[in-house]
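Each chain, written out:
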Amino acid sequence: MITILTSVLAGACLLAVPRGARPFQDGEARSDVQARDLDAVRTSVERLSKELVELGYAFDIEAFELELLSLAACADDLNLQQDDFFLPGHFEAMWHVFDALGIAPGPDGRTFRKIASHAMAETFLAYYGFHRDTLVFVESSMGRLGRNDHLLLHELSHAWRDQRLDLAEFFRSGQRTFERIRLKQCVVEGEAEAIALHAQAAREGRELERSDRLDDDQAAKFLAGQGIASIYSVGRRYVRSRWDGTVATLDALYGALPASTEQLLHPEKLGADEPVDVALIDWPEEWGAAELVHEDTLGELGILGILSESGLDETTCSRLAAGWDGDRLRLWRPEDGADLLVWRLAFDREVDAQQFLAPWTRSRKTVASQVGRVVCLARGKDRARVRTAHERLTALTAPPTNAGDAASTEAIEAALAETPTEPYLDEGLWILPEHGLALTGPVGWKPELMRGTPFLMGPAKDGFRDNLNLSVFPDPSGAGVEAILATNRAFFEQNEGLRLHTSDVRTVGGTEVVYLTYGGPFDGRQLEFRVLILPREEHQLVLTATVLASRSQEVAPLADAALLSLELR
């Protein structure tokens, strides 16, 4: 099951997991099962709150509410929370940026905002709504929640920080650019992850360092394929690198935030590579009146997430975003309604600007070019205005260069080039080098990347392509195969739309994996699924074969054979 990645441009304090449960419709009566589920969660919240208090994270459990909401109600609630993160016009401007890449979500910014809110509601089990001091659980996700202490500890950590700092004020204060909000989200989510792991380590009598091992490059591996997961992995790495286990050092993080998300992504740049101020043109008076709908800075992490939505592979996304030195965009709406977006980006080196420019479309609406180490982009319906705006952007003076910044970016790109991570097909073997996996693909199936997720696609028949894909889901709790199996069985017991056929633990490629087969309706089609789940230290690798049910008898054995041929390298 593939997580919707539109949430890469939305905001929420929550923990991401795969979606898939049947949503309850508004007006449906809650069953006794749902009531008992909420009571069980309440009991868990009280138990875990006591653990946090004993560790020094004192907060008032009576100061926030617990709610169980339908999927639609959660989407509406998350939509309201966007105003605590982003300024008006954010989604309108971002829609134009996506459209310049040829992947606009919906027909306009308002629709994009609605899509993002619904995507989050479908993706998450629970979230802490600091905009109204409420810990919200999604009705349709209760079957997947189980005894997920890590998630609850994570969300309770948000409640602790909210009572200590006031998260709504924290996000509203200072610069409210997309770059700055993403940076703050990384710190908030990284802190919640660290506290949750601290509590679990204390419960199990383990050292904190042993509970939170994360390879330095693991965060980057999540970035392109798992847009929202980057906030957690990057944030946790940053927080853990500066935390000595005391509340005082956590508080200190909020008083001295890094200068950019670039410094979070590349620790070697912290305190050394400061972002430059990027100038932009003003709206020309001769064009008449116009409303400034939005002005923003996206930053490296924001750009990386946007690029990941375009289907580029992880290494390419990282390479295109690396070298960011500053950016600024504006969206105007004149009286004739012909929006104009201008965006100017500075990079450490000319080659960085040249690389970044490659994927942007050259439609009649968009004009983009490189001037030295600067990229200038203008787009809109009025072609004459777009051309003039672009010409004036290119005439602006470039910010000063910094040799040290250029050298550190060169080293980062060299490291990216050392180890190939993109999946490829070699004599019938589908090889996924990033994760050390290989399996025998069905004859005629070809590798593709879709929004950063690797697929092995079969030929198109009956308007559908059978496929294999690999998804990566962060799992800091480090659940073993038996726990993963139990969670999935509980999920299917609560899901009326999907029927579980097989669920057991098997040894494949010399390691224990969870093996599932199930079927049901997805997007108006009857589909059959075969799944292998490989637990890793802090994440799960999920290999899924998806087959059209009408030809399951023919194709499912091929997909099954491919999965069971898995080798670990």
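See the structure printed just above.
Residues numbered from 1 in each chain as written. Predicted model: local features only at pLDDT ≥ 70, side-chain atom pairs only at ≥ 80, totals over all residues. Heavy atoms only, no water.

Caption draft 1: How the structure looks around the sheet that holds strand 9 (residues 374-380). Taken together, the five strands give an open sheet; going across it, the order is 5-6-7-9-8, and neighbouring strands pair in antiparallel fashion. Of all strands in the sheet, those with a lone pairing partner are strand 5 (290-296) and strand 8 (366-371), marking the two edges. In this sheet, adjacent strand axes meet at a mean angle of 15° when their direction is disregarded. Two strands pair when backbone bridges link them, and strand 7 (residues 340-347) and strand 9 are joined in this way by seven bridges, in the antiparallel orientation. Along strand 9, the bridge assignment pairs Leu341 with Arg379. (Pairing = 2+ DSSP bridges. Helix = DSSP H or I, 4+ residues; strand = E, 2+ residues; numbered from the N terminus. Axes fitted to C-alpha atoms, helices over the stretch in contact; angles between N-to-C directions.)

Caption draft 2: A look at helix 18 (residues 403-418). Taking 1.5 Å as the rise per residue, helix 18 with 16 residues should run 22 Å; its terminal C-alpha atoms sit 23 Å apart, in good agreement. Looking only at helix 18, the buried set comprises Asp405, Ala406, Ser408, Thr409, Ile412 and Glu413. End-on, the buried residues of helix 18 take up no more than an arc of 165°, which puts them together on one face. Opposite the buried face of helix 18, at more than 90 degrees from it, the exposed residues are Ala403, Ala417 and Glu418. In this structure, the buried side of helix 18 is in contact with helix 15 (314-321), strand 6 (324-334) and helix 16 (350-357). (Expected span 1.5 Å × (residues − 1). Buried < 20%, exposed > 50% of the residue type's maximum accessible area, 1.4 Å probe, protein only. Arc of directions from axis to C-beta. Contact = heavy atoms within 4.5 Å.)

Caption draft 3: Representation of the nonpolar core in the model. Within the largest apolar cluster, 84 residues are counted, with the highest numbers of intra-cluster contacts made by Phe137, Ile303 and Trp343. Among the nonpolar cores identified, the runner-up in size contains 23 residues, and Leu439, Val472, Ala559 and Leu566 belong to it. (Core = buried A, V, L, I, M, F, W, Y, C linked by side-chain atoms within 4.5 Å.)

Caption draft 4: Here's a closer look at the packing of helix 8 (residues 178-204) against helix 12 (residues 247-255). In the contact formed by helix 8 and helix 12, the axes pass within 11 Å of each other and the chain directions differ by 170°. Judged on the interaxial angle alone, helix 12 and helix 8 are roughly antiparallel. Together, Val187, Val188, Glu191 and Ile195 of helix 8 and Leu250, Leu253 and Tyr254 of helix 12 make up the contact between the two elements. For the contact of helix 8 with helix 12, the per-class residue count stands at six nonpolar, no polar and one charged. (Parallel < 35°, antiparallel > 145°, perpendicular 65-115°, else oblique. Nonpolar A, V, L, I, M, F, W, Y, C, P; charged D, E, K, R; others polar.)

Caption draft 5: Local environment of the side chain of Arg379. Position of Arg379 among the secondary structure elements: in strand 9. Classification of Arg379 as buried rests on a relative accessible area of 2%. Polar side-chain contacts of Arg379 include one of 3.4 Å to the backbone oxygen of His96. What Arg379 contacts, discounting residues up to four positions off in sequence, is His96, Asp99, Ala100, Asp339, Leu340, Leu341, Lys365, Thr366 and Val386. (Polar contact = N/O pair within 3.5 Å; in protein donor to acceptor, adjacent residues only side chain to side chain.)

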